[in-house]
Every structure is written in C-alpha cells, then in structure tokens.
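Notes for the structure review
What follows is the residue order along each chain.
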Amino acid sequence: MSDRVSCGALRAGDERRAVELDGWVNRRRDHGGLIFVDLRDHEGITQVVFDPQHPSFAEAEHLRNEDVLRVSGSVRRRPAGTENPRLATGDVEVAVEALEILNRSLVPPFHVNVDEDADENLRLEYRYLDLRRPRMQRNLRVRHRIVKAMRDFFDSRNFLEIETPMMIKSTPEGARDYLVPSRLYPGSFYALPQSPQLLKQILMIAGFGKYMQIARCMRDEDQRADRLVEFTQLDVELSFCTEEDVMETMESCMRYVWREALDVEVPPFVRMTHQEAIARFGLDKPDLRFGLELADVSGIFAGTEFGVFRSAIERGGAIVALRYPGGAGLSRREFDALTETAKQFGGKGMVWIALSGDGHKSSAARFLTDANVEAVRRAAAAQTGDALLLFADSAELAHAVAGKMRNEVGERCGLRDPNAFAFAWVTGFPYLEADEETGKPIPAHHPFTAPAPGDWELIDRDPMRMRAQHYDMVLNGYELGSGSIRIHKADEQRKIFEMLGLTPQQVQDRFGFFVRALDYGAPPHGGMALGIDRIVMIACAEENLREVTAFPKNQVARDLMMDAPAPVPEQLVRDLHLRIAGHDRPSSSV
C-alpha cells in the first residue's frame, strides 16, 4: 500500500518507503537510458525516475511539461554526487512502478518552470499558467502569511472582524465610484465601496468598540504600478481612542506581521511631522533607506544676480539643493538628461554643480561665486567627487521636485535596498488643500477627519491654517495607509460640510444617514486602513502590485483572462432600465 505524499515532503529518512505523488511535469530529461521527471505540486518538486525495463517507460518518453501525472513507487537515495542542494527533496528520488497520466497539456505560451521575463498581458491572459510559476507561488504564499498574521494580531487584542456590504450608497471619497444599477428601483444605483469608512464609523456608534476587516474595495481610477482599481485593505477602527492609541496598535501590528510572516525584526518606527518630511525629503512619504537630505539654500543666494534664483526668492519661493554622490563624473549630456527628468517631475529646470578635485564646473558657472558653491556644498554635506543639484521655484514645488529627484538619485546610486524595510509615521498634515483647478479649499484627506486640537477656531477666519488629526504610515517611499481621529459630533460634521460648500440639502442627500447616526451618542473614535497589496509588494521586493495579486486587471483595467468588461445580452440591459447610447456597442449573443 503506497502513502500519498506531496512533492515537497520526501527526505532521506523516507528511503524504501512506498509512496504515491500527484503533480505536473516541471521538466523531463533523458539520461543514459533513464528518464528523469521533476514532478511539481504546490508544496515542492520531487525527482521521479523511469527505468527502460518498466512498462511505463514508453509512456514517459512522450511526457511534456505541464502534463498532469500520478506516479507510485519507492523512495531511494540519489547516487552520490547527483544530489540537488537547491531542492528540499534533493537527496532522494522515486523509482516509478506505476504511471497514470491524469491530463495532457498543450505547449504553454511561455515557460512555466522558470521566472524568466514574459509579456505581462500574455501572462495575465494565461494567468492560470502564470500562477504556477515559482515567483507567483512564493508571492501569494507570503501574502497568505501576512494576512493571517494580521488576523492573529487583532484577534489577540479582542478586535472583531465584521464584514461590511459590497453594495452601498454612493458617498464620494475622492475617486469615481463603480456603480451597480438596480433592477427593482429604476434609475437608482448602488455603489461598490471605495472603503468601508462610514460603515466602520457606524460600527463604533453601534458600540462594538474594536473593529477590523480584510476589506475588498474598488475605485474607478487609472491604474498605476502601485495602484489597482480593485484592492484589499486592512481596515481598523477603535472607540474612545487617541491618535497615539491608533498608531501604537497599527505599528505593533506591522512589527508583529514582519516578525511572524517574514522573520524580520523591525525597530520602532521613525516619526516626523508633515512639515519636517517636506523640508528634509521633499515628499510626505519619504524613503528612509538612505540619507541625501535636502537643504534649503535660499539664504545663500540673497541678492544674487542670477535671474532664475532671484525671481524664485522675490516671489517667496525657495532654492533647494540635493547631493548626488559621485555625480561629478557625469558628462554634460548626462546632466542634461537629469534636467529633463526634473522637468518631467514638474520642475522648470535644474542647475547642477560638479565638485571635482581641481575645482568645480556648473550649468550656471558665470552666476555662481566660489563662496556660493562652498556654502551650498556645506549645506548639502557634499564631498569632492559629488554633484549638487539645485531647484528653484515656489517652496512647495521646489521641494517636491527635489524629493522626486532624491528618489531618482537613490535608485541610480543603488541606495534603495529592496531587502531593507524603513517604516515611518508622518503626522500633523494640513486639514485643507487648494483644488488645482478651482483654487477652492478641499479636504487634504476625507471630510470625516477631526481638526487638530485648538484648530476649530480657525474654521471661519483662516481655514487653510487648520491642521488635521491625521497620520500616514510610510514604508520605503510608499504610503501604506492613512488614518485619523474622526469627527464624532453631528454639529461639527455639518460645519465641515458647510465649509466645503455643501448645501444642507446636499448633506442630507449624500450623508444624511451618517449625520443622523452621529446625533445618537457617537463616541470619540479613530482608525486607519493599510493597503495589503502594497504591503505584500514591498515585502516580496516587487515593483508592481499585479505581481502579488492573484487575478488583477491590466494597466487599462481589463481582465484579459476572462475578457472583461464585456457586452451583456440586450435583455439584461433592458431589465436594468438602461439604454446604451450610440450604435457602436459590440453585440452579444450570450
């Protein structure tokens, strides 16, 4: 009688054991009259051997990669010198006594048994094959361990995982909703949730106190490498808490996750204010795996004759310097290319200074004195052999462009170690920001965030100075998620809506159910949401969320495997009381 085992289970101690294995042909090799097959399942690979004297040998000669087999035989030690240290099962092999071909495979459109590059759209079209590849198997296993650790952590702290609905009221949160037309209520729509924000706040009003959920969310927005239209987040909310309570909970969770899922000890998170992050790193999601802090050198150029710098200073802007380690060796053409990169990041240009052993050269040499260059060198902590990159504009834009260039330089100089994890908290965000198109104040986050203590008095006379009880968790230059202390009084929530220009009727139509709930003894509460896809992406040292998601859409939000979105029968459209405008709609006979 054979024991059924996985393809990753056998070891030297199993010698002479009778076993049965199921799996896919990972690779077939003919050596000296013997046929060797690496048989693969979700737990590993075992080498099985077909002897020419055995009846199954003839069938084994025609096996192809990805054929599905069942084999039985006895475990034996591999001959000395043929062991494979790269496999957990590499000391043994199975001498096949019986073979059953469970299914044949067509020739795959790309190699499944190696992680070589393949066209991403082809991989997504044949995702069931792509998911067999070692890289994807590893990434999704890491994802499982991370999510399990999250659940274990919150369970240990007496949080309840409560599911919230997938079809809700459209309550705009900064991105377009995916809408679901109602058959029973003509002209009305559900929305797929951008987040469970209002529902988790209502759970606090309902008295649950500690909530968490691994929540699926959807936003109808353009995809990026670090953003998907359909994503998963760790959603958390607490009652009677402070900002410190939420941050301690979430930091402890992530340190636990890294320890349990990745076997990595993470030190206490760095903390900085939003203002400090911008001043030192140019961005509110700084990559702390490397230094290269920015330096505001505006004072050095007070009274300068250089028109670009003088104009920025006179308009109340800034001149920001960035050190490029070893950059003095760059050619003028390479500096020109860097300047174009700065323009792509939103800058008007860039001034460079190369600090060589015999002096310096610069793109603005005739405007810069030796004293200017030495002062900038000291401010940016640059050494001989480095370059200095200078950006002049409004203070906000100069820092933003310098911050993006800092990441670019860090990447070019190999300073962004994919195996390092540099967590940080960023706090003290502005409450409002100016809309790029209208200039009107809009929430820098969402309108349910409470202003910082003492800032309510600014709401009528100087709202742009208000700060928010808001905090971001940052890792390696990515925002993992945001959180805040919420407004828990109905009159204050109405006041915020009023400041944002909503009429009482608009508030009632969009948020009436929520404001009414606040009127029934809502407790002080706060919470946070973290992007699980992004967490796993960084943990797996990937650069694209699609590499850690089982069935993602492509860059233009299409599911290539299922060919969705797709037309539906006309009758279904009529049942939903809809009419498709125009006459270019693809027909469907489904």
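Below or above, wherever it landed, is the structure these notes cover.

Calculation criteria
Residues numbered from 1 in each chain as written. Predicted model: local features only at pLDDT ≥ 70, side-chain atom pairs only at ≥ 80, totals over all residues. Heavy atoms only, no water. Patch = residues over 30% accessible without salt bridge, like charges linked within 9 Å, V, L, I, M, F, W, Y side chains within 5 Å. Areas by Shrake-Rupley, 256 points an atom, 1.4 Å probe, with all protein chains shown as cover. Salt bridge = Lys/Arg side-chain N within 4 Å of Asp/Glu carboxyl O. Lys, Arg positive; Asp, Glu negative; His and termini not counted. Charge placed at Lys NZ, Arg CZ, Asp CG, Glu CD. Helix = DSSP H or I, 4+ residues; strand = E, 2+ residues; numbered from the N terminus. Buried < 20%, exposed > 50% of the residue type's maximum accessible area, 1.4 Å probe, protein only. Polar contact = N/O pair within 3.5 Å; in protein donor to acceptor, adjacent residues only side chain to side chain. Contact = heavy atoms within 4.5 Å. Expected span 1.5 Å × (residues − 1). Axes fitted to C-alpha atoms, helices over the stretch in contact; angles between N-to-C directions. Parallel < 35°, antiparallel > 145°, perpendicular 65-115°, else oblique. Left-handed = near helix turned anticlockwise from the far one by under 90°. Nonpolar A, V, L, I, M, F, W, Y, C, P; charged D, E, K, R; others polar. Pairing = 2+ DSSP bridges. Phe/Tyr/Trp six-rings, centres within 6.5 Å; stacked < 30°, edge-to-face > 60°. Lys NZ or Arg CZ within 6 Å of the ring centre and 35° of its normal. Core = buried A, V, L, I, M, F, W, Y, C linked by side-chain atoms within 4.5 Å.

**What about a negative patch on the surface?**
A cluster of acidic residues, Glu-396, Glu-433, Glu-436 and Glu-437, forms a negative patch at the surface. Within the secondary structure, Glu-436 is located in the loop between β19 (432-434) and β20 (441-443). With a relative accessible area of 83%, Glu-436 lands in the exposed category.

**So, the side chain of Thr-164**
Along the chain, Thr-164 falls in the loop between β7 (160-161) and β8 (179-181). For Thr-164, a relative accessible area of 15% gives the class buried. Of note is the side chain of Thr-164, whose polar atom sits 3.0 Å from the side chain of Gln-213. Residues in contact with Thr-164, not counting those within four places in the same chain, are Pro-196, Leu-199, Leu-203 and Gln-213.

**Topic: helix α11 (residues 395-412)**
The terminal C-alpha atoms of α11, which comprises 18 residues, lie 25 Å apart, in line with the 26 Å expected from a rise of 1.5 Å per residue. Every buried residue of α11 is accounted for by Ala-398, His-399, Ala-400, Val-401, Ala-402, Gly-403, Met-405, Arg-406, Asn-407, Val-409 and Gly-410. On its buried face, α11 sits against α7 (274-281), β13 (295-296), β14 (318-324), α9 (332-344) and β17 (387-393). Positive phi shows up at Gly-414, right after α11, with a value of about 70°.

**Some points on unusual backbone geometry**
The amide bond that connects Ala-564 to the next residue, Pro-565, takes the cis arrangement and shows omega of 5°. Residue placement: Pro-565 occurs in the loop between α14 (532-539) and α15 (570-575). Backbone geometry at Phe-240 places phi at a positive 55°, although glycine is not the residue there. Here Phe-240 lies in the loop between β11 (230-239) and α6 (243-262). One non-glycine residue with positive phi stands out, namely His-577, at about 60°. Tracing the backbone through its elements, the reader meets His-577 in the segment after α15.

**Here we look at the environment of Ala-371**
Its place among the elements puts Ala-371 in helix α10 (residues 370-379). Each C-alpha atom, one on Ala-371 and one on Ile-300, is 9.0 Å from the other, the two residues being 71 residues apart in sequence.

**Some thoughts on the packing of helix α5 (residues 197-205) against helix α13 (residues 504-518)**
The description of two packed helices rests on the angle between their axes and on the distance between the axes. As a packed pair, α5 and α13 sit with axes 10 Å apart at the nearest point and diverge in direction by 25°. Accordingly, the angle class assigned to the pair α5 and α13 is roughly parallel. Crossing handedness for the pair α5 and α13: left-handed. In this structure, α5 uses Leu-198, Gln-201, Ile-202 and Ile-205 to contact α13, whose residues at the interface are Phe-511, Phe-513, Phe-514, Ala-517 and Leu-518. Counted by class, the contact of α5 with α13 contains eight nonpolar, one polar and no charged residues.

**Digging into the sheet that holds strand β12 (residues 270-273)**
An order of β7-β10-β11-β23-β22-β21-β18-β12 is seen for the eight strands of this open sheet, with the pairing classed as mixed. The open sheet has two free edges, formed respectively by β7 and β12, since each of these has just one partner strand. Where strand β10 (residues 210-218) and β11 come together, nine bridges link them in antiparallel fashion. In the strand pairing of β11, Gln-213 is matched with Asp-235.

**Quick notes on the packing of aromatic side chains**
Across all of its chains, the model carries 17 aromatic pairs by this definition. Considering the side-chain rings of Phe-448 and Phe-497, the 6.3 Å spacing of their centres and the 85° angle between planes classify their relative orientation as edge-to-face. One end of the pair, Phe-448, is in the loop between β20 and β21 (470-475); the other, Phe-497, is in helix α12 (residues 490-499), and 49 residues separate them in sequence. The same class applies to Phe-448 as to Phe-497, namely buried. Taken together, the ring pairs connect Trp-258, Phe-269, Phe-421, Phe-423, Trp-425 and Tyr-471 into an aromatic cluster. We note Arg-406 situated over the ring of Phe-290; from NZ or CZ to the ring centre the distance is 4.1 Å.

**Examining the pattern of salt bridges**
Applying the stated criterion across every chain, the model contains 53 salt bridges. Of the charged contacts in the structure, one is a salt bridge between Glu-20 and Arg-70, with a shortest N-O distance of 3.9 Å. Taken as a pair, Glu-20 in strand β2 (residues 18-31) and Arg-70 in strand β5 (residues 68-77) lie far apart in primary sequence, 50 residues in all. The class for Arg-70 is partly exposed, based on a relative accessible area of 24%. Here Arg-132 and Glu-66 are joined by a salt bridge, their closest N and O atoms 2.8 Å apart. Here Arg-132 is found in the loop between α3 (127-130) and α4 (134-156), whereas its partner Glu-66 is found in the loop between α1 (57-60) and β5, with 66 residues between them in sequence. On the basis of relative accessibility, which here comes to 3%, the residue Glu-66 falls in the buried class. Several salt bridges share partner residues, and in doing so they unite Arg-123, Arg-127, Asp-130, Arg-133, Arg-135, Arg-138, Glu-542 and Glu-547 into one network.

**Looking at the nonpolar core**
Across soluble globular proteins, nonpolar side chains show a tendency to be buried alongside one another. Core analysis: the largest hydrophobic core is formed by 54 residues, its most contacted members being Leu-234, Met-250, Trp-258, Phe-423 and Met-473. With eight residues, α6 is the largest single contributor of residues to this core. If you look at the next biggest cluster of nonpolar residues, it comprises 23 residues, including Ala-318, Tyr-324, Phe-391 and Val-409.

**A closer look at the packing of α12 against α13**
Direction vectors running N to C along α12 and α13 enclose 160°, while the axes themselves pass 9 Å from each other. Relative to α13, the element α12 is oriented roughly antiparallel. The interaxial crossing formed by α12 with α13 has right-handed handedness. Note on element contacts: α13 touches α12 through Val-507, Phe-511, Phe-514, Val-515 and Leu-518, opposite Ala-490, Gln-493, Arg-494 and Phe-497. For the contact of α12 with α13, a count of residues per class yields seven nonpolar, one polar and one charged.

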